[in-house]
Amino acid sequence: MNRMYVCSCFGITEAQVKKHADAGACTPRQIASACKAGTDCGGCVRRIQALLGRGDCARRELLDQRQEPAAVSALGDVRLPEAA
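Residues numbered from 1 in each chain as written. Predicted model: local features only at pLDDT ≥ 70, side-chain atom pairs only at ≥ 80, totals over all residues. Heavy atoms only, no water.

Visitor: Even after reading the chapter, I still don't get the nonpolar core, so can you show me in this structure?
Guide: Nonpolar side chains tend to gather and get buried jointly when the protein is soluble and globular. Judged by nonpolar contacts, Val-6, Cys-7, Ile-12, Val-17, Ala-25, Ile-31, Cys-35, Ala-37, Cys-44, Ile-48 and Leu-52 together constitute the single largest core of 11 residues. Every element with two or more residues in this core is listed here: strand 1 (5-7), helix 2 (28-35) and helix 3 (45-52). When sequence neighbours within four positions are dropped, the list of residues in contact with Cys-44 reads Val-6, Cys-7, Ala-37 and Gly-38. (Core = buried A, V, L, I, M, F, W, Y, C linked by side-chain atoms within 4.5 Å. Buried < 20%, exposed > 50% of the residue type's maximum accessible area, 1.4 Å probe, protein only. Helix = DSSP H or I, 4+ residues; strand = E, 2+ residues; numbered from the N terminus. Contact = heavy atoms within 4.5 Å.)

Visitor: Would you mind showing me how to read helix 1 (residues 14-22) here?
Guide: Residues spaced three or four apart along an α-helix face the same direction, because each turn holds 3.6 residues. Taken as a whole, helix 1 has its buried residues at Glu-14, Val-17 and His-20. Each buried residue of helix 1 lies within a common arc of 130° when the element is viewed along its axis, so the set occupies one face. Away from its buried face by more than 90 degrees, helix 1 exposes Ala-15, Lys-19 and Asp-22. The first or second residue beyond helix 1 is Gly-24, which carries a positive phi of 120°. (Arc of directions from axis to C-beta.)

Visitor: Help me understand the pattern of salt bridges in this model?
Guide: Charged atoms that come close allow side chains of opposite charge to pair. On inspection of all chains with the given rule, the structure shows 2 salt bridges. The partner of Lys-18 in a salt bridge is Glu-14, with the nearest N and O atoms 4.0 Å apart. With a gap of 4 residues between them, Lys-18 and Glu-14 both fall in helix 1, about one helical turn apart. On the accessibility criterion, Lys-18 (43% relative accessible area) is partly exposed. Here Arg-47 and Glu-14 are joined by a salt bridge, their closest N and O atoms 2.3 Å apart. Taken together, the residues span a long stretch of sequence, with Arg-47 in helix 3 and Glu-14 in helix 1 at a distance of 33 residues. For Arg-47, a relative accessible area of 37% translates into the label partly exposed. We classify Glu-14 as buried; its relative accessible area is 17%. (Salt bridge = Lys/Arg side-chain N within 4 Å of Asp/Glu carboxyl O.)

Visitor: Could you clarify how one ought to interpret the state of the cysteines in this entry?
Guide: Every disulfide links exactly two cysteines, by a covalent bond between their sulfur atoms. In this structure the tally under the stated criterion is 0 disulfides. As a non-bridged cysteine, Cys-35 has Cys-7 as the owner of its nearest cysteine sulfur, 7.3 Å distant. Considering cysteine sulfurs only, Cys-9 is the nearest to Cys-41, which forms no disulfide, with 3.8 Å between them. Residue class for Cys-41 comes out exposed when judged on its relative accessible area of 60%. (Disulfide = S-S within 2.5 Å.)

Here it is in structure tokens:
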């Protein structure tokens, strides 16, 4: 069996990163929380980003569907977006 290591500091493979992504980890930070990959030297973070890509992710879809953030006027008043 040929294992492709993503994080040599912690011995994390592509398959392990993909497993965590399938379980809902959508960002390198979430992958790091799940398995420590990317938390030592950081050399694997770009590879993790590439593996995560822009594929399907329930959390990412929820973030994309959120409403516009509240606007703050020059006077410091918060103006919420109007409801549709």
